[in-house]
Amino acid sequence: MHSGRFPLADLAGGLDLAATLESGQSYLWRREDGDAYAGDVTTDRDLDDAPWYYAVPDGEVVRVRKTEDALVWESTEDAHDRLVRLLRLDDDLDAIFADAPALDLVDDARGAFPGLRLVRDPAFGCLISFICSTQMRVERIHEMVSSLARAYGDAVSFQGETYHAFPTPDQLAATTEGDLRDLGLGYRAPYVQRTAEMVAAGDAHPEDALGREYEAAREYLTRFVGVGDKVADCILLFSLGYLEAIPLDTWMQTVVADHYPDCERGNYTETSRALRERFGGEYAGYVQTYVFHHLRTAE
DNA sequence: TTAAGACCTGAAGT
DNA sequence: AACTTCAGGTCTT
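Residues numbered from 1 in each chain as written. Chains lettered and ligands numbered in written order. Predicted model: local features only at pLDDT ≥ 70, side-chain atom pairs only at ≥ 80, totals over all residues. Heavy atoms only, no water.

The environment of DNA strand C is formed by 23 residues, the closest being Met136, Arg137, Gly226, Asp249 and Gln288. Of everything in DNA strand C that lies within 4 Å of the protein, sugar and phosphate atoms constitute 52%. The side chain of Gln135 places a nitrogen or oxygen atom 3.0 Å from a base nitrogen of DNA strand C. Where the surface near DNA strand C is concerned, the elements lending two or more residues are helix 11 (229-238) and helix 14 (284-297). It is helix 11 that provides the largest number of residues to the surface near DNA strand C, a total of three residues. (Near = heavy atom within 4 Å. Polar contact = N/O pair within 3.5 Å; in protein donor to acceptor, adjacent residues only side chain to side chain. Helix = DSSP H or I, 4+ residues; strand = E, 2+ residues; numbered from the N terminus.)

Attention now goes to the domain arrangement of chain A. As far as domains go, chain A holds domain 1 (2-112), domain 2 (123-238) and domain 3 (250-298). Look at where the C-alpha atoms of domain 1 and domain 2 centre, and you get two points 22 Å apart. Taken together, the 17 residues of domain 1 in the interface contact 17 residues of domain 2. In total, about 1,500 Å² of surface goes out of reach between domain 1 and domain 2, with carbon and sulfur atoms giving 67% of it. Broken down residue by residue, the surface that domain 1 buries against domain 2 is led by Gln25, Tyr27 and Val56, which jointly contribute 41%. Linking domain 1 with domain 2 are five residue pairs in polar contact (both at pLDDT 80 or more). (Domains from an automatic or database assignment. Contact = heavy atoms within 4.5 Å. Buried area = accessible area lost by both parts, 1.4 Å probe.)

Here the focus is the nonpolar core. Core analysis: the largest hydrophobic core is formed by 99 residues, its most contacted members being Trp29, Val64, Leu83, Leu221, Phe224, Phe279 and Val291. Among the elements that take part in this core, helix 5 (residues 123-132) stands out by supplying eight residues, more than any other. Judged by nonpolar contacts, the second largest core, of six residues, contains Val61, Val156, Tyr163 and Ala165. (Core = buried A, V, L, I, M, F, W, Y, C linked by side-chain atoms within 4.5 Å. Buried < 20%, exposed > 50% of the residue type's maximum accessible area, 1.4 Å probe, protein only.)

Within the structure shown, the criterion is met by 18 salt bridges. One salt bridge in this structure joins Glu177 and Arg181, with 2.8 Å as the shortest N-O distance. Remark: Arg181 and Glu177 occur in helix 8 (residues 177-182); sequence separation between them is four residues, near one turn of the helix. According to the relative accessible area criterion, Glu177 is partly exposed, its value standing at 34%. Relative accessible area serves as the criterion here: at 41%, Arg181 is assigned to the partly exposed category. Connected via shared salt-bridge partners are Glu215, Glu270, Arg273 and Arg276. (Salt bridge = Lys/Arg side-chain N within 4 Å of Asp/Glu carboxyl O.)

Glancing now at the packing of aromatic side chains. Within this structure, the stated rule accounts for twelve aromatic pairs. A ring pair is formed by Tyr54 and Tyr163, whose centres lie 4.8 Å apart and whose planes are at 70°; its orientation type is edge-to-face. A residue pair is termed long-range when its members are at least 10 positions apart, and Tyr54 in strand 3 (residues 53-55) and Tyr163 in strand 7 (residues 161-164) qualify at 109 residues. Take Tyr54: its relative accessible area is 22%, and that puts it in the partly exposed class. The exposure class assigned to Tyr163 is buried, which follows from its relative accessible area of 7%. Ring centres 4.6 Å apart and planes at 65° place the aromatic pair Phe97 and Tyr290 in the edge-to-face group. Remark: Tyr290 occurs in helix 14 and Phe97 occurs in helix 3 (residues 93-98); sequence separation between them is 193 residues. Each member of the pair, Phe97 as well as Tyr290, carries the same accessibility label: buried. (Phe/Tyr/Trp six-rings, centres within 6.5 Å; stacked < 30°, edge-to-face > 60°.)

Time to look at the environment of Arg63. Within the secondary structure, Arg63 sits in strand 4 (residues 62-66). Each C-alpha atom of the pair Arg63 and Leu83 lies 10.0 Å from the other, and the pair is 20 residues apart in sequence. If near-sequence neighbours (up to four positions away) are discounted, Arg63 is found in contact with Glu32, Trp52, Tyr53, Tyr54, Val72, Trp73, Glu74, Phe158, Gln159 and Tyr163. A distance of 3.0 Å separates a polar atom in the side chain of Arg63 from a polar atom in the side chain of Glu32. A distance of 3.2 Å separates a polar atom in the side chain of Arg63 from a polar atom in the side chain of Gln159.

This brings us to the protein's contact with DNA strand B. In the vicinity of DNA strand B, the contacting residues are Arg137, Arg140, Arg181, Gly186, Tyr187 and Arg188. For DNA strand B, the backbone portion of the atoms within 4 Å of the protein, that is sugar and phosphate, comes to 50%. In the environment of DNA strand B, a base oxygen lies 2.8 Å from a nitrogen or oxygen atom belonging to the side chain of Arg188. By residue class, the composition of the surface near DNA strand B is one nonpolar, one polar and four charged. (Nonpolar A, V, L, I, M, F, W, Y, C, P; charged D, E, K, R; others polar.)

Before going further, it helps to examine the sheet that holds strand 4. A sheet is described by the order of its strands in space; here five strands give the open sequence 1-5-4-3-2, paired in antiparallel fashion. Either end of the sheet is taken by a strand with one partner, and the two such strands are strand 1 (2-7) and strand 2 (30-31). Summarising the sheet, strand 4 and strand 5 (residues 70-75) pair through five bridges and their orientation is antiparallel. Following the sheet pairing, Val64 is matched in strand 5 by Trp73. (Pairing = 2+ DSSP bridges.)

What follows is the structure, given as structure tokens:
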């Protein structure tokens, strides 16, 4: 067993682990206690005793938990570098928001969730989980992703417990639409199966979007079945590190209508460009994530 | 190129 | 207790 810790003092801008992992940007991580993802967005402030979260990236089990003064981890291997990557621990939140535009909504959101970080999920799992996310509540998306892992992912033991990795492209490609419908995916079943088939066959891979200019990368991702502009933006932001990407969902459309009506351009691409500019360009996706969670928790 | 309709499912709201 | 609506949209026509 490997273990280690990241002193919180070393993480510029702090870390709200619960908000980061339970806010609906990542479906890689699970909370170990029974109340996991009851529906409300949690933050570290809501938790009397910090729970463990676990994930199984690349078949390695990783558990993380916050203590008074550190993020501690245990894993089947040395997970230090992996965690920096997955949880974007090297992002300097203070610097990012020092460059953010001076907007009331942004200031309020930062004040409400200091320490909220973006994640960098493995690309294939991110692709599939956001295909599953359409017209779904966050907690149900977690259930679907867990079901997929239990049904088709490799089992890995760690400290006497059995964990399941997210299925590989081959494992998902080998399923049928009927199998996935039985698992509760509904109309998303054929999207997931066919997209997995595309990746397994080597026809396309979400990481092939890397290196392209932002809008070209988004366009590339829409070749996957079940991936439109919004889901593509989620993959770019939550997996591929395009921090300027703003997933324009129903919540953000409400933000545009209520706060920045001049950004409404009648179509996704143009409205997205206008809002991206309003949110400061380079880190617009980071800003969006704060605003999104602030509004979602404001009831 | 733009615009309605359909689409699985279950929790939450009348 | 039934019935309608809605949920981080996408695909089809």
